[in-house]
Amino acid sequence: QVQLVESGGGLVQVGGSLRLSCAASGSIFGINAMGWYRQAPGKQRDLVASITQGGTTNYADSVKGRFTISRDNVKNTVYLHMNSLRPEDTAVYYCNADGTYSGGSPYRYWGQGTQVTVSS
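Each chain carries its own residue numbering, running from 1 in the written order of its sequence. Reporting of local features is limited, given that this is a predicted model, to residues whose pLDDT is at least 70; pairs of side-chain atoms are given and counted only at 80 or more, and all residues count toward the totals for whole chains, interfaces and linings. Side-chain measures here rest on the full set of heavy atoms in the structure, leaving out hydrogens and waters.

Each helix and strand in the protein chain was counted, giving zero helices and eleven strands. When the helices and strands of the protein chain are placed in sequence order, the string is β-β-β-β-β-β-β-β-β-β-β. With C-alpha atoms as the basis for the radius of gyration, the globule rule is written as 2.2 Å multiplied by the number of residues raised to the power 0.38. Against the 2.2 N^0.38 benchmark of 14 Å for 120 residues, the protein chain shows a C-alpha radius of gyration of 14 Å, consistent with a compact globule. Dimensions of the protein chain, computed from the C-alpha atoms along their principal axes, are close to 50 × 25 × 25 Å. Between buried and exposed lies partly exposed: a residue is buried under 20% and exposed over 50% of the maximum accessible area for its type, with that area taken using a 1.4 Å probe on protein chains only. For the protein chain, the residues scored as buried account for 41% of the 120 residues in total. Only DSSP runs of H or I reaching four residues or more are called helices, and only runs of E reaching two or more are called strands; each is numbered from the N terminus.

Shown next, in the form of structure tokens:
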């Protein structure tokens, strides 16, 4: 089991910045990658950014140049630095962890989600 606890969401004005944090605990040795997804009302949950254990990152086109994902392996925490926020960035942001159990089966865990609201 992997537990993911997110923090850092809130209300911000257009053009502002926020930093989301996701702390992982439990069976973290099997984690291969962590990422952030977001889901706006009535829409599907989409990938925002991800980072592998080796540090390779991937971003949605809509956030490239504005958001940065990073990780602190000592603290087992992943961050999403969000700059130049837009109203369309408003959503619930979910942290996820993709990994492999000791027996070789893959897993995916989700955090509880944190609301980000960008006001114009």
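Next comes the rest of the description.
Further remarks concern the nonpolar core. By size, the foremost hydrophobic cluster in this structure holds 30 residues, and its most contacted members are Leu4, Met34, Trp36, Leu80, Met82 and Tyr93. Residue contacts are defined here by distance: any two heavy atoms, one from each residue, within 4.5 Å place the two residues in contact. If we ignore the near neighbours within four places in the chain, the residues touching Leu4 are Cys22, Ala23, Ala24, Met34, Cys95, Asn96, Ala97, Tyr109, Trp110, Gly111 and Gln112. Throughout, nonpolar core names a set of buried Ala, Val, Leu, Ile, Met, Phe, Trp, Tyr and Cys residues whose side chains join them through atoms within 4.5 Å.

What follows deals with the state of the cysteines. Cysteine sulfurs are considered disulfide-paired once they come within 2.5 Å of each other. All told, the structure shown has one disulfide when counted by the stated rule. Linked covalently through their sulfurs, Cys22 and Cys95 form a disulfide whose S-S length is 2.0 Å. With the S-S dihedral at roughly -80 degrees, the linkage between Cys22 and Cys95 falls on the left-handed side. Note that Cys22 is positioned in strand S3 (residues 18-26) and Cys95 in strand S9 (residues 91-100), a separation of 73 residues in sequence. Overall, Cys22 belongs to the buried group, its relative accessible area being 0%. With relative accessibility at 0%, the residue Cys95 sits in the buried group.

Paired strands are those between which DSSP finds at least two bridges. Read from one edge of the open sheet, four strands run S1-S3-S8-S7, paired in antiparallel fashion. Strands with a single pairing partner mark the edges of an open sheet, and in this sheet they are strand S1 (2-7) and strand S7 (67-72). On average, adjacent strands in this sheet sit at an angle of 15 degrees to one another, irrespective of strand direction. Pairing of S1 with S3 involves six bridges; the strand directions are antiparallel. By the bridge assignment for S3, Val2 is matched with Gly26. Every angle, taken between N-to-C directions, lies between 0 and 180 degrees, and every axis is a line fitted to C-alpha atoms, over only the stretch in contact when it is a helix.

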